[in-house]
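# Summary of structural features
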Amino acid sequence: METTSRPGAQGAPDEPSTSTDAEAGRAAQDVPEGRGLDGYLLAGFPWYGLDEAFTGPRWLMQVGSAADGTVEHGSTGHGEVPSVRVETEHAKQRFTVVVTVADRPVRRSADGTGTLEATSVSSAAWLAGSGLLSCTWPSQMERALRDDWLNQQTAIAWELAEDPSAPDWTSLSLPVDGVPTPFHYRESEYGWVLAGSSPAQEGVHIGAYGRGMSAYGLGFSVIKDIAGYTG
């Protein structure tokens, strides 16, 4: 996916990054942003979040758009806002982030100079995996080692997302708009990640990642009023 990020709290990048200065971007994770609402409203596909069984806080993260401004994906947060501050213990954080990815076929890039790959469950898996990585920054690690760690973990997340049917993933059925839906699921020391596709005809892929909240009891549904996520 060829996308650019709109203003808002930091979410998942669209392709592996080898940046050696990621700390500044991580700081924005600490505060949810409602200023990105306009980007969500421009999307030509429905947004998904946790269903009504979840009664905790909800907040916006950010959307990703193509070079021509077409919204391609975005994330919505539930629970506590993940923090990468030194004083915050990752194990105590409780949150779930839901990623919605528009189902796109192979297509020409906006400038007509190249071809963009079709989106798939792997796209949702990658965005979810890299999103979990972005809020698991080892802040107590030496800076040079942190850069190496980020590059290594990013590469691993990319490789895992390419084949959600591989042994690293297990199967999990969760309701999407009340319909039992198969997902690919995996856990790590940092949290969990899952990815699947909506059974609805609108055509979106759904990813999610979280920590402190069990994925097994979750359900997803179309967000009827995205403005409700602005607080």
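Rules of the game
Residues numbered from 1 in each chain as written. Predicted model: local features only at pLDDT ≥ 70, side-chain atom pairs only at ≥ 80, totals over all residues. Heavy atoms only, no water. Helix = DSSP H or I, 4+ residues; strand = E, 2+ residues; numbered from the N terminus. Buried < 20%, exposed > 50% of the residue type's maximum accessible area, 1.4 Å probe, protein only. Contact = heavy atoms within 4.5 Å. Areas by Shrake-Rupley, 256 points an atom, 1.4 Å probe, with all protein chains shown as cover. Phe/Tyr/Trp six-rings, centres within 6.5 Å; stacked < 30°, edge-to-face > 60°. Lys NZ or Arg CZ within 6 Å of the ring centre and 35° of its normal. pLDDT = per-residue confidence, 0-100. Core = buried A, V, L, I, M, F, W, Y, C linked by side-chain atoms within 4.5 Å. Pairing = 2+ DSSP bridges. Expected span 1.5 Å × (residues − 1). Polar contact = N/O pair within 3.5 Å; in protein donor to acceptor, adjacent residues only side chain to side chain. Salt bridge = Lys/Arg side-chain N within 4 Å of Asp/Glu carboxyl O.

Time to look at the overall build of the protein chain. A count of helical and extended segments in the protein chain gives 4 helices and 12 strands. Considering the protein chain as a whole, with its 231 residues, one finds that 51% of them fall into the buried category. A separation threshold of at least 6 residues defines the contact pool for the protein chain, and within that pool the share at least 24 residues apart is 64%. Taken as a whole, the protein chain presents about 10800 Å² of accessible surface, with 51% of it coming from carbon and sulfur.

Per the counting criterion, the structure on display carries 6 aromatic pairs. With a centroid separation of 5.4 Å and an interplanar angle of 65°, the aromatic rings of Y185 and Y216 are classed as edge-to-face. Of the two residues, Y185 is situated in strand β9 (residues 179–188) and Y216 in the loop between β11 (204–211) and β12 (220–222); the sequence distance between them amounts to 31 residues. Y185 sits in the buried class, given a relative accessible area of 3%. What makes Y216 exposed here is its relative accessible area of 52%. It is R186 that lies over the ring of W169; its NZ or CZ is 5.1 Å from the centre.

Glancing now at the confidence of the model for the protein chain. Segments scoring low in pLDDT should not have their predicted coordinates read at a detailed level. Overall, the predicted model of the protein chain reaches an average pLDDT of 79, with 76% of residues at or above 70. Confidence, expressed as mean pLDDT per element, reaches its minimum in the protein chain at helix α1 (residues 23–27) with 31 and its maximum at strand β2 (residues 48–50) with 98. Per-residue pLDDT stays below 50 along residues 1–35; that stretch engages in 100 contacts with residues further than four places along the chain or on separate chains.

Right, let's talk about the nonpolar core for a bit. Of all hydrophobic cores here, the largest spans 51 residues; its most connected members are W47, L194, Y209, F220 and I226. For this core, the leading source of residues is helix α3 (residues 121–134), giving 7 residues. Apart from the residues within four sequence positions on either side, F220 is in contact with Y48, G49, L50, D51, V98, L174, P175, V176, D177, F183, L194 and A208.

Of all 8 residues in strand β5 (residues 95–102), 8 are buried; the element is thus mostly enclosed. Residues F95, V97, V99 and V101 point to one face of β5 and T96, V98, T100 and A102 to the other, with burial holding for every one of them. Pairing analysis gives 8 bridges linking β5 to β11, with the strands arranged antiparallel. The partner of T100 across the bridge, within β11, is I206.

Most peptide bonds are trans, and most residues other than glycine sit at a negative phi. Although it is not a glycine, D177 sits at a positive phi angle of roughly 55°. Following the sequence through the fold, D177 ends up in the loop between β8 (170–176) and β9. Judged by relative accessible area, D177 falls into the partly exposed class, the value being 38%.

Between the first and last C-alpha of α3 there are 20 Å, a value that for 14 residues agrees with the 20 Å anticipated at 1.5 Å per step. Within α3, 14 of the 14 residues are buried, which leaves it mostly tucked inside the rest of the structure. Here α3 starts with a cap whose side-chain oxygen sits 3.2 Å from the backbone nitrogen of S122, and that cap is S120.

Once that is clear, we can look at the environment of Y48. With respect to the element layout, Y48 can be found in strand β2. Spatially, the C-alpha atoms of Y48 and S198 are 9.2 Å apart, while their sequence positions differ by 150 residues.

A separate point is the pattern of salt bridges. Applying the stated rule across the entire model yields 1 salt bridge. Of the charged contacts, one joins E72 and R104 as a salt bridge, the two residues approaching to 2.9 Å between their closest N and O atoms. One end of the pair, E72, is in strand β4 (residues 71–79); the other, R104, is in the loop between β5 and β6 (107–108), with 32 residues separating them in the sequence. Overall, the relative accessible area of 21% leaves R104 in the partly exposed class.

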